[in-house]
Amino acid sequence: MVPLELIGVRVEVPANTPMLLLREAEGRHRLLPIYIGSPEASAIHYALEGVVPPRPLTHDLTLILLGELGATLTKVVVTEMRDRTYFAELHLATQAGEKVVSARPSDAIALAIRCAAPMFASDALIDEVGQEPVIEAEDDAAEIIDEFKDFIENVSPEDFE
C-alpha cells in the first residue's frame, strides 16, 4: 500500500466538477485525481476548514455511530478503478476484530479527514492511474531567476571576449 496525503478539493474548469486530489506521500509523489459530487466536496472542505455544524452532518454522524458501537476507523484504502469508477475501503477496528467495509473514495476521505485516519492507495491502483506531477511554472521561473542572479553576480568583462 502507498501512503496518501490529501492535497485538496478543486473545481475542474470548464466542467465545473469537483475533484479530490490525492498525492503519494513518499517516493514519486504521483497524483490521484478523483472526480466527486458537490455534497462530498463540501463535506471534505468543511472538515479541512474545521467547520463545526450546529448538528452533525452525515460523515460526522457516521463517526459518532462508529464510536457508540465501539468501532474506530483505522485507515482508508483506495483500492481500484473499475469502469472509470474508483472504489475504497474503510478499515474498522471493532471488539470482534478488524472489519472492512466498501465505500466511495469521497466518503472514505471525508471520514478519514474528520478522525485523522491514514489514507492509502493500493500499489496496483497507483501504478495504473497515478499521474506524475507537473513541475510548476513558478518553480521554473524561480530557478531561471536564481540562475540569472548567479550569472550577474559572477560575470566579468573577460567573459565577453
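See the structure printed just above.
Some remarks on the side chain of His59
- Mapped onto the elements, His59 comes out in helix α2 (residues 58–68).
- Sequence-distant contacts of His59, defined by excluding residues within four places in its chain, comprise Ala43, Asp107, Ala110, Leu111 and Arg114.

Quick look at the pattern of salt bridges
- Across all of its chains, the model carries 8 salt bridges by this definition.
- Among the salt bridges present, the one from Arg30 reaches Asp127, with a minimum N-O distance of 3.0 Å. Taken together, the positions of Arg30 in the loop between β2 (17–24) and β3 (31–35) and Asp127 in helix α4 (residues 123–129) put the pair 97 residues apart, joining distant regions of the chain.
- Classification of Arg30 by relative accessible area gives buried; the value is 7%.

Structural notes on the packing of aromatic side chains
- Under the criterion given, the structure shown has 0 aromatic pairs.
- Just above the ring of Phe120 sits the side chain of Lys75; from NZ or CZ to the centre is 6.0 Å.
- One residue, Arg82, lies across the ring of Phe87, its end atom 4.1 Å from the ring centre.

Brief notes about α2
- The set of residues buried in α2 consists of His59, Asp60 and Leu66. For α2, the angular spread of the buried residues around the axis is 125°, confining them to a single face. Away from the buried face of α2 by more than 90 degrees, exposed residues Thr58 and Glu68 are located.
- Two residues or fewer after α2 comes Gly70, characterised by a positive phi angle close to 80°.

Parameters and conventions
- Residues numbered from 1 in each chain as written.
- Predicted model: local features only at pLDDT ≥ 70, side-chain atom pairs only at ≥ 80, totals over all residues.
- Heavy atoms only, no water.
- Helix = DSSP H or I, 4+ residues; strand = E, 2+ residues; numbered from the N terminus.
- Contact = heavy atoms within 4.5 Å.
- Salt bridge = Lys/Arg side-chain N within 4 Å of Asp/Glu carboxyl O.
- Buried < 20%, exposed > 50% of the residue type's maximum accessible area, 1.4 Å probe, protein only.
- Phe/Tyr/Trp six-rings, centres within 6.5 Å; stacked < 30°, edge-to-face > 60°.
- Lys NZ or Arg CZ within 6 Å of the ring centre and 35° of its normal.
- Arc of directions from axis to C-beta.

Keep in mind that these numbers describe shape and distance, not what the molecule does.
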